[in-house]
Amino acid sequence: MAHLKKFSLAKRLAKLQDTQRKVFGLCCFGTEEGDILNYSAHTIIDRSSQKTRINCLDLEYTTKQFGYPFLTGNMVGLDERIVAMQLDLKQNSWQDVQSGKSLILINPKIVKIEGLVQSEEMNPCVGFVRAIIDRYEEVTVEYQTFDDEKVQNFSGFDAITFQQALDQLNGYTILDPRLNKGRWKLESKYLGKAVKTEQALQYYKDEITKLVLSNPEYFKMRTIQGKRQFGRFFIRRYDVQKIAQICGKGNNFALNG
């Protein structure tokens, strides 16, 4: 009986600790707080620190509470290379997901890629659009835990969500033209709400589509290794020449940065 009491106490303690977890607020694209989405998050040096542990567990808890397949540190205002994922989901959905197997990845990077697939994606921080992105069907990822280093293979929807998470850690949202190549659409609930903004976004989309056709070398599928890409794209800029310059610099920008 003693071992049963011990198990029951541990279970109640774990539940109490869970209820004390913090739920982060999301950084929304286009706001002052959302600027963090456009920059690469910093590598975590002391991954065993109490601060890192708390942030990771709170990010994991927030992911479950919101029902998202993943969240990254910079999506909630943390300038840290953290990803919290829910794996093996019963439905391949970008929102209102049923809780799956949780995984926390610190300083993750892709080391192997295989297969190609197109994916229609959402991002809760850029909630007004859906974008079609070219992804790898399977990826092998190296990452750190609080006290260890691990390698894990992702396939299917898990591979797709991880690749978007890694893009987000590197400061690339699904609105980046190098990712969507102009293949995106406004969510239906936002249509007709702000006509001038909608027209400006449509103009931007049309110009990106022209740029893809005239300069396909700017939009090649990325590899694991490549030159570091310093240019960042901000949708507030509708200068197509500026967009072309940034896309041109991104000709060799890599999956891991």
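Here the residue index of a chain counts from 1 through its sequence in written order. Reporting of local features is limited, given that this is a predicted model, to residues whose pLDDT is at least 70; pairs of side-chain atoms are given and counted only at 80 or more, and all residues count toward the totals for whole chains, interfaces and linings. The side-chain numbers reported here are obtained from all heavy atoms of the structure, hydrogens and water having been left aside.

### Topic: the pairing of strand 5 (residues 149-155)
Strands qualify as paired when DSSP identifies two bridges or more between them. Runs of E in the DSSP output that reach at least two residues are strands. Runs of H or I that reach at least four are helices, and both are numbered from the N terminus. Judged from the seven bridges that link them, strand 4 (residues 129-144) and strand 5 form a sheet pairing that is antiparallel. Following the sheet pairing, Thr 140 is matched in strand 5 by Asn 153. Hairpin connection, strand 4 to strand 5: the antiparallel pair is bridged by four residues.

### Here we look at the state of the cysteines
Two cysteines, two sulfur atoms, one covalent bond between them: this is a disulfide. When the sulfur atoms of two cysteines come within 2.5 Å, that pair is taken as a disulfide. With the rule as written, the count across this model stands at zero disulfides. For Cys 28, which is in no disulfide, the shortest distance to another cysteine sulfur is to Cys 125 and amounts to 6.4 Å. Any residue under 20% of the maximum accessible area for its type is buried, any over 50% is exposed, and the rest in between are partly exposed; the area is computed with a 1.4 Å probe on protein chains only. The exposure class assigned to Cys 28 is partly exposed, which follows from its relative accessible area of 40%. Free of any disulfide, Cys 125 has its nearest cysteine sulfur in Cys 27, 6.3 Å distant. By relative accessible area, Cys 125 is classed as buried at 3%.

### Details of unusual backbone geometry
Of note in this structure, Asn 107 is not a glycine but carries a positive phi near 50 degrees. Relative to the helices and strands, Asn 107 is located in strand 3 (residues 101-121).

### Points about the pattern of salt bridges
The working definition used for a salt bridge is a side-chain nitrogen of Lys or Arg within 4 Å of a carboxyl oxygen of Asp or Glu. A complete count under the given rule lists eleven salt bridges for this structure. For the salt bridge of Arg 21 with Asp 58, the shortest nitrogen-to-oxygen distance reads 2.6 Å. With a gap of 37 residues between them, Arg 21 in the loop between helix 1 (2-19) and helix 2 (50-66) and Asp 58 in helix 2 connect regions that are remote in the sequence. On the accessibility criterion, Arg 21 (22% relative accessible area) is partly exposed. Between Arg 183 and Asp 134 there is a salt bridge, and its shortest N-O distance comes to 3.3 Å.

### Re the confidence of the model for the protein chain
For the protein chain, per-residue confidence averages 82 on the pLDDT scale, and 80% of positions sit at 70 or higher. Known as pLDDT, the predictor's confidence for each residue is given on a scale from 0 to 100. We call two residues in contact whenever any of their non-hydrogen atoms come within 4.5 Å of each other. Overall, residues 2-7 carries pLDDT values under 50, and its contacts beyond four positions in sequence, including any with other chains, amount to zero contacts. The low-confidence segment residues 226-238 (pLDDT under 50) makes 49 contacts with residues lying over four places distant or belonging to another chain.

### As for the nonpolar core
Counting 60 residues, the largest nonpolar core has Leu 105, Phe 154 and Phe 162 as its most contacted members. Residue assignment for this core shows that the elements contributing at least two residues are helix 2, strand 1 (70-72), strand 2 (82-87), strand 3, strand 4, helix 3 (156-169), strand 6 (184-186) and helix 5 (195-214). Each nonpolar core is a collection of buried residues, namely Ala, Val, Leu, Ile, Met, Phe, Trp, Tyr and Cys, held together in the definition by side-chain atoms within 4.5 Å.

### Quick notes on empty space enclosed by the protein
Grid points spaced at 1 Å and placed over the protein atoms alone form the basis of the search, with a cavity being a set where a 1.4 Å probe fits but cannot get out and a pocket an open set showing protein on both sides within 12 Å along at least five of seven lines. Lining residues have an atom within 4 Å of a point. Grid points are joined across faces, edges and corners, and a volume is the space filled by probe spheres set on the points. Counting across every chain of the model gives two cavities of 30 Å³ or more. In terms of lining, the largest cavity is formed by 14 residues, of which the most central are Asp 134, Arg 178, Leu 179, Met 221 and Arg 222. Contributing elements (two or more residues each) for the lining of the largest cavity: strand 4 and helix 4 (177-180). Per-element tally for the lining of the largest cavity: the top contributor is strand 4, with four residues.

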